[in-house]
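Take a look at the letters that make up each chain.
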Amino acid sequence: GQNIDQPTEMTATEGAIVQINCTYQTSGFNGLFWYQQHAGEAPTFLSYNVLDGLEEKGRFSSFLSRSKGYSYLLLKELQMKDSASYLCAVSPNTGGFKTIFGAGTRLFVKA
Amino acid sequence: EAQVTQNPRYLITVTGKKLTVTCSQNMNHEYMSWYRQDPGLGLRQIYYSMNVEVTDKGDVPEGYKVSRKEKRNFPLILESPSPNQTSLYFCASSSHWGAGEDEQYFGPGTRLTVT
């Protein structure tokens with residue numbers, strides 16, 4: 001079967017660094033996405049990885065290891081507005097426009 | 001403004017009463033998709049479309065229908081809604097797929113309650 005696992009909840013302190021992990025098992029692999037979703041709102045795109053390694057975008061970085069079926073999202077200099085759910089999603093190599101999402105990690109940033 | 005719109009945003013209905021949730025995008029995107037989001041389960045793909053008149057099932061298509069007669073519109077149809085279809089529904093679109101940074105743009109969501 002196809003499966004994506006990520007922690008349900010995490011708590012971190014304002015100004016700190018937090019790493020949200022994601023492991024996946026899918027039928028092939030065509031890219032991994034991270035989305036941010038604030039409560040009551042739509043998901044918004046954060047990052048995309050298709051090759052192994054680290055992609056950096058300002059305070060956010062995302063890492064991928066295809067051989068391990070593993071990714072993480074790194075958030076630096078945490079701000080209160082970073083309190084949100086972070087969704088890991090994989091495009092399996094099954095053709096079509098299929099996307100599989102993890103259940104999401106709810107991040108609480110405390111002062 | 002580039003956007004995906006959905007209507008209605010909120011809907012309470014009764015079992016068996018047919019309903020349609022509309023989705024429209026103004027970005028000329030070829031790819032569109034419907035998801036439902038339930039607590040603890042995350043986003044699950046219902047149906048997707050890769051172009052006009054081209055649709056296919058996602059992971060949870062039972063009880064739903066879609067159509068893609070125009071590029072901008074991708075309505076979701078529940079012929080006979082049941083309480084287990086109570087959920088938050090998102091429509092999304094993308095300009096291309098399988099060729100790079102294929103981010104999806106999501107609509108604001110439709111919260112459906114079936115009693």
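Higher on the page you've got the structure.
Everything numeric here is computed off the predicted structure, so don't read it as measured data.

**Student:** Hey, could you go over the interface of chain B and chain A for me, with residue numbers and the actual values?
**Tutor:** In this assembly, 28 residues from chain B lie in contact with 21 residues from chain A. When chain B packs against chain A, the two sides together hide about 2000 Å² of surface, and 59% of this comes from carbon and sulfur. Along the contact surface separating chain B from chain A lie six residue pairs in polar contact (both at pLDDT 80 or more). Among the elements of the structure, strand 4 (31-38), strand 5 (42-51) and strand 9 (87-94) of chain B are those that each provide at least two residues to the side of chain B that touches chain A. Here the element with the most residues in the side of chain B that touches chain A is strand 5 of chain B; it accounts for six residues. Broken down by class, the residue content of the side of chain B that touches chain A amounts to 11 nonpolar, 12 polar and five charged.

**Student:** Describe the packing of aromatic side chains, naming the residues involved and giving the relevant values.
**Tutor:** The tally for this structure, following the rule as stated, stands at 15 aromatic pairs over all chains. Centroid distance Tyr35 of chain A to Phe45 of chain A: 5.9 Å. Interplanar angle 75°. Geometry classified as edge-to-face. Taken together, the residues span a long stretch of sequence, with Tyr35 of chain A in strand 4 (residues 32-37) and Phe45 of chain A in strand 5 (residues 44-49) at a distance of 10 residues. Residues Tyr35 of chain A and Phe45 of chain A agree in their burial class; the two are buried. Here the aromatic rings of Tyr64 of chain B and Tyr89 of chain B are separated by 5.9 Å at their centres, their planes lie at 65°, and the arrangement is edge-to-face. Linking Tyr64 of chain B in the loop between strand 6 (54-57) and strand 7 (65-66) with Tyr89 of chain B in strand 9, this pair joins segments that are 25 residues apart in sequence. With relative accessibility at 1%, the residue Tyr89 of chain B sits in the buried group.

**Student:** Lay out the sheet that holds strand 3 (residues 19-25) of chain B in plain terms, naming residues and giving numbers.
**Tutor:** Residue and element names in this part refer to chain B. On the basis of which strands lie adjacent, the open sheet formed by four strands has the order 1-3-8-7 and antiparallel pairing. The open sheet terminates on both sides in strands that have one partner only, identified here as strand 1 (4-7) and strand 7. Bridging between strand 7 and strand 8 (residues 76-78) involves two bridges; their strand directions are antiparallel. Each bridged residue has a counterpart across the sheet, and for Lys65 the counterpart in strand 8 is Ile77.

**Student:** So what's going on with the state of the cysteines? Which residues, and what values?
**Tutor:** Cysteine pairs can be covalently joined through their sulfur atoms, and such a bond is termed a disulfide. Scanning all chains against the criterion turns up two disulfides over all chains. Here Cys22 of chain A pairs with Cys88 of chain A through a disulfide, and the sulfurs are 2.0 Å apart. Given an S-S torsion of about -70°, the disulfide between Cys22 of chain A and Cys88 of chain A has left-handed geometry. Within this pair, whereas Cys22 of chain A is found in strand 3 (residues 18-25), its partner Cys88 of chain A is found in strand 9 (residues 84-90), the two being separated by 66 residues in sequence. Note on accessibility: Cys22 of chain A and Cys88 of chain A belong to one class, buried. Note on cysteine connectivity: Cys23 of chain B is disulfide-linked to Cys91 of chain B, with sulfurs 1.8 Å apart. Sign of the S-S torsion, about -70° for the bond between Cys23 of chain B and Cys91 of chain B, identifies this disulfide as left-handed. Here Cys91 of chain B lies in strand 9 and Cys23 of chain B lies in strand 3, a separation of 68 residues in the sequence.

**Student:** Any chance you could break down the pairing of strand 6 of chain B for me, citing the residues and the numbers?
**Tutor:** All names here are of chain B. Both strand 5 and strand 6 contribute to a ladder of four bridges, which runs antiparallel. Paired with Asn51 across the bridge in strand 6 is Val54. Here strand 5 hands over to strand 6 after two residues, with Glu53 in that stretch at a positive phi of 65°.

**Student:** Outline the environment of Lys57 of chain B, listing residues and values.
**Tutor:** Tracing the chain through its elements places Lys57 of chain B in strand 6. Along the primary structure Lys57 of chain B and Trp34 of chain B are separated by 23 residues, whereas in three dimensions their C-alpha atoms are 10.0 Å apart. Filtering out sequence-adjacent residues up to four positions away, Lys57 of chain B remains in contact with Lys98 of chain A together with Ile46, Tyr47 and Tyr48 of chain B.

**Student:** Provide a residue-level description of the side chain of Gln37 of chain A, including the pertinent values.
**Tutor:** Take Gln37 of chain A: it is sitting in strand 4. Gln37 of chain A sits in the buried class, given a relative accessible area of 8%. A polar atom in the side chain of Gln37 of chain A sits 2.9 Å from the backbone oxygen of Glu41 of chain A. Filtering out sequence-adjacent residues up to four positions away, Gln37 of chain A remains in contact with Ala42, Pro43, Ala84, Ser85 and Leu87 of chain A together with Gln37 and Phe90 of chain B.

About the criteria used
- Residues numbered from 1 in each chain as written.
- Chains lettered and ligands numbered in written order.
- Predicted model: local features only at pLDDT ≥ 70, side-chain atom pairs only at ≥ 80, totals over all residues.
- Heavy atoms only, no water.
- Contact = heavy atoms within 4.5 Å.
- Buried area = accessible area lost by both parts, 1.4 Å probe.
- Polar contact = N/O pair within 3.5 Å; in protein donor to acceptor, adjacent residues only side chain to side chain.
- Helix = DSSP H or I, 4+ residues; strand = E, 2+ residues; numbered from the N terminus.
- Nonpolar A, V, L, I, M, F, W, Y, C, P; charged D, E, K, R; others polar.
- Phe/Tyr/Trp six-rings, centres within 6.5 Å; stacked < 30°, edge-to-face > 60°.
- Buried < 20%, exposed > 50% of the residue type's maximum accessible area, 1.4 Å probe, protein only.
- Pairing = 2+ DSSP bridges.
- Disulfide = S-S within 2.5 Å.

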